[in-house]
Structure formats: structure tokens, C-alpha cells
Amino acid sequence: MDRPRRRELRRLNGSVWDGQTDVFQVNKSLDSALKKNTAFIKRLRTGITASAQSTFLTEIRTLSLHKYLSEIIAAFYEGLCKLKTSGEIAAGVEVASALHQRFGPDEFTKQLGWLLGRGMSAPDKAQIKSWSQDMREREEKERLARHRVLLRVVTELWLVGVLRSLEDVERPEDAKGKDGAASMPGKSADGSAKNKALQGTKGNQDKEAEPFPLEVLKDLLGYDREHLNLPLAVLFARSYSWDILGSRATGEGRKTVEADGATTTAASSKDAPEAGSGDESAVIADSTDDPSLISDGMQQRFKNILNRYLEDVKKHIVRDQNALSNQNRRNAETYVKVGEILEDRQANFKKQTKAHEKLVSNAQVLCEVLGSEMPDLGKKEGTDATASGSIGLVKTGEYLRGQGEGAGIWEDEEERRFYENLADLKGKVPAVLLEDGKKKKTDGELTNGAALDTAAKKEDMSEEAQPEQGDRDGDEQSTAIANKNIGAQVDALLAKLPELQNKDAVDQLALDFCFLNSKASRNRLILIPLRTTQVPSTRVT
């Protein structure tokens, strides 16, 4: 909606609050046909569009509508919750202004304001705790989608003067029960805590009532310690950076907030704010002659709310950044020790990283509008590798070399060289002893180590023709004796592990083990670290 039209509606709607009548001209003879009136109510609920705006205004002038006001208010609120585009929101503002000018605050606007305020209220924390995780996420997504629309609606209605404050609202049930006596604005039948608090301030005539959208922002942002409503704050700041906050947007491209809370930048002309959209702050900011719609003092009140919220968001970002860095380091240590990371742990880390990136992106937009500085996050360790879905050998190698965050796992340079500079066994051991024992060998290729491999022995025997029972028993007995001798040699070799004191001794033991290499020997070697509970730090294991 363009600014001249906003100013005109603000003047007309303000005069209605001041008690003027006949602001909206209607026909002398109003149509009371049931079919036309009910059709109008139905289209209010589902058909508020820019193209239907003129039709709605014509019907408000020609239809009686008065005895259907309660249904009109409820249907209009439902229709406002279903708006999506800026053009639809502008059409809804025009229709709301026409109904406000015809029926006045007492019969229409106060009841609509109560419904909008209830729709923008934060969910009950006690009820949220009783929900399952899936239900909580689903409800949170639906709430954010609804609040994105209603926040724009209530702000636009306040800018054009339809809504004023939460003191000027009234429950529809209270309006139905009135017998000609005017009730105090803002009172509800159940005496809610919020309305009671508001009533306590009505006696102070010198204090200006809080604007409707300011009260909404206080309720949404004041107790949001997890910053789930940050996308709403970004949406408000970007949409009304000039009209309400009085700050001019920078020209690095228009950023929009998606339904999932992420921000995107569009620099092309086709993505520029459309005229009359209510999101044209970047266009309006280029006009230096047109003053803001609200006073400087009111602008500062909105800025104070957003600035306090932004400072809390910055602390959240730094806290999450440190937590993610520590978690990434622990993941790297786990990968080095175990060789893998549990899928649920890795998926949880990816989820936390994605949420942190959204938080940073939204905070950057808010800092841009409010003229604040982002906290110094430093080098984000591991975010690139983990975001791609794995903590791989490249990142592990950097960690082992001490190039990652912190000093790594080595106590000194000598210890690092001990573990990284390994002996080249290929030049000291026959290649056949280093091959996989699962490979099948012909009789001419079998060597001492391969012939003693039980798995290879059984595999070769299974492929030969069935020997006589006596020969088979003899072969099995020979194999058992050989395996027993090899096993004793492996046990004696592994018993020397705790006594090794230098690099040469370790290299020699590795060389000796190669001549006893088999699947069973390797399994025994693997079990040694698992069985060792306490090893003196002075020994090499």
C-alpha cells in the first residue's frame, strides 16, 4: 500500500475513533436479502484478494449487514489468517477500514481487535510441555506461519488507524451481552490477566497507551529465550524499517524470511518489493521528503524492544558457536579412537549446525536494519566438513597435526612423530605376507604364513575333492598343531607390548608380527586395547 493512501485511511479511520459518523457513504436503501448477505460473509472467509477488493467495498455500501455483524467479524478474522501475499493483505486492510468506518469501533473494530490479539498471543508453555516432539514441531511451524501473516495484518491496521491499542478491544461475547450500556473498553468476561493489567493503567490519562503491534512484539519477544520468534522479528524489521523504525535499508539486495525461518537475498528487479505491498521499505527509503508515519519517540520504543531482543540473540549465537566447536572436537576424537561416529549423533550435529546457520543469518539481517554489529564468531571449525554430512579423513588429519582448534591430542612434537612416522614394512617383509588372507593361493604359491591361516586353509580344502576319512583327520590334526604353535608365538609377542620403551622396539615387534600374520592373529591384536584398562603414561602401547 502506498504512503499517500495510508495517510488518507489513517485520517478517515482516526475521525471514526473521534466519534464522527457518515465517514463511509452507504446507499439510502440497503439490500437485506439473505442470499446476498450470506454470500458476502462466505467470501470474507475465503476470498479476500486484490481483484475482489472493489466488489467487497461495493457490497459494504449496498448490503444491510448489520444483523450479521457477529458472523462478519468471525468470518473476517478467519479470512485475514489465510492471507498470503502483500496484495491480499492490502485488500484486507481496505475492507477492514470500510467496515470500521461504517459500523464504528463499538460494533466492529473492538471485537476484531480482540480476535487478532488472541491470535497473536504466545502459546501456553504448560500445554506445550504435554505435547510430543513431533506434535510440538508441527504446531510450532503452523504457529509461525499464522503469526507471520497476522503480524503484518495488525501492523498495517495500526498504521492506517483501524487498531490503536489493546485497551481498545472487547470480547465479542461481551458485545452480545450489552443491553444498551457501554462497557469499559478492554474488559473481558473472564478478566484475563493481560486485560486486568491494562485496566490498571487506564486511570493515568497522561500516559500514552502502548500501540497494538508494540504490545504484540513485547509478548512474542519478551519471553522468547530460545529465539523461536526471531523470523518474526526479522520480518517486522525488514517490512517496516522506514515506516516504523525510521532506518533506511542498505542496497545489498532484498532479504526475505522463508517459512522455515531461513533468509534469502534477491537482487533482481523482479524480486523487488511490489508497489502497494507493505514491504516496500527499500523503495520508500529513497524518498527523503516524505516523513515517517509515526513520531521519533514512537520509533524509539519499537527500536528498544528489537535491540534488547537482538542482544539476547547475539549471546545465543556465541553460546551455540562454542558448543558446536566443542562438539565438533569431540566428534573428531571419537572418529580417531573408534573409527566411526554414531548416525544419530552425527544427524543431531547436522541439525544443530543448520539451526545455528539460520540463527546467524537472521541475526545479520536484524543487525543490518538496526545498525548493530554482529559478534565476532572467529573461524568456525568443522562447519564446512560436517555440513556436507561427514567428518572425514581430511578433517581428522588436520586435527592430528594440531592444525584444528586447540593443540590436538599430542603432548609434544616427539610423540606426534612417533605416531605419524611409521616404518615401511613393504621393504622388509615379503609382499605375500601383507596380502589379505582371504585370497586363495595355489599349492606352488603357498608360503609358511599363508599356509597357517586357518580361514584360507578351510577355504582351499572346501574346493578340493573329498579325501578319504583317514587323510582328512590327519590334515585337521596337523593344522590344529600348527595353529597351536602359531597361537603361542602370537601370545608371547603380544605379551611384550607393555614393555616396549622406544620406537625401534615397536617397529621390530610389528615386523615380527607380520611373519605370524593371520586373521586369528589380527583378532588377538585388536582385542589388546579393549582389554587394557590402565596403562602408565610413560609406556608406549
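The rules behind each value
- Residues numbered from 1 in each chain as written.
- Predicted model: local features only at pLDDT ≥ 70, side-chain atom pairs only at ≥ 80, totals over all residues.
- Heavy atoms only, no water.
- Helix = DSSP H or I, 4+ residues; strand = E, 2+ residues; numbered from the N terminus.
- Buried < 20%, exposed > 50% of the residue type's maximum accessible area, 1.4 Å probe, protein only.
- Contact = heavy atoms within 4.5 Å.
- Areas by Shrake-Rupley, 256 points an atom, 1.4 Å probe, with all protein chains shown as cover.
- Axes fitted to C-alpha atoms, helices over the stretch in contact; angles between N-to-C directions.
- Nonpolar A, V, L, I, M, F, W, Y, C, P; charged D, E, K, R; others polar.
- Core = buried A, V, L, I, M, F, W, Y, C linked by side-chain atoms within 4.5 Å.
- Polar contact = N/O pair within 3.5 Å; in protein donor to acceptor, adjacent residues only side chain to side chain.

Caption draft 1: Geometry of the overall build of the protein chain. The helix and strand tally for the protein chain stands at 22 helices and two strands. Burial statistics for the protein chain: of 541 residues in total, 40% are counted as buried. Sequence separation of at least 24 residues holds for 74% of the intrachain contacts in the protein chain that already meet a minimum separation of 6. Of the roughly 30,100 Å² of accessible surface on the protein chain, a fraction of 50% belongs to carbon and sulfur atoms.

Caption draft 2: Region of interest: the packing of helix 4 (residues 69-81) against helix 7 (residues 133-159). Look at helix 4 against helix 7: their axes get within 9 Å of each other, and the N-to-C directions meet at 115°. Note on element contacts: helix 7 touches helix 4 through V149, L150 and V153, opposite Y77, L80 and C81. Of the residues assigned to the contact of helix 4 with helix 7, the class counts are six nonpolar, no polar and no charged.

Caption draft 3: View of the nonpolar core. By size, the foremost hydrophobic cluster in this structure holds 84 residues, and its most contacted members are F76, L116, I244 and F302. Considering every element that reaches this core, the biggest residue donor is helix 5 (residues 86-120), with 15 residues. Apart from the residues within four sequence positions on either side, F76 is in contact with L44, I48, G92, V95, A96, L99, F108 and L112. By size, the runner-up hydrophobic cluster in this structure holds nine residues, among which are L493, L494, L500 and F513.

Caption draft 4: Representation of the side chain of N229 within the structure. Among the secondary structure elements, N229 is positioned in the loop between helix 10 (212-221) and helix 11 (230-239). One polar contact links the side chain of N229 to the main-chain carbonyl oxygen of L220, over a distance of 2.8 Å.

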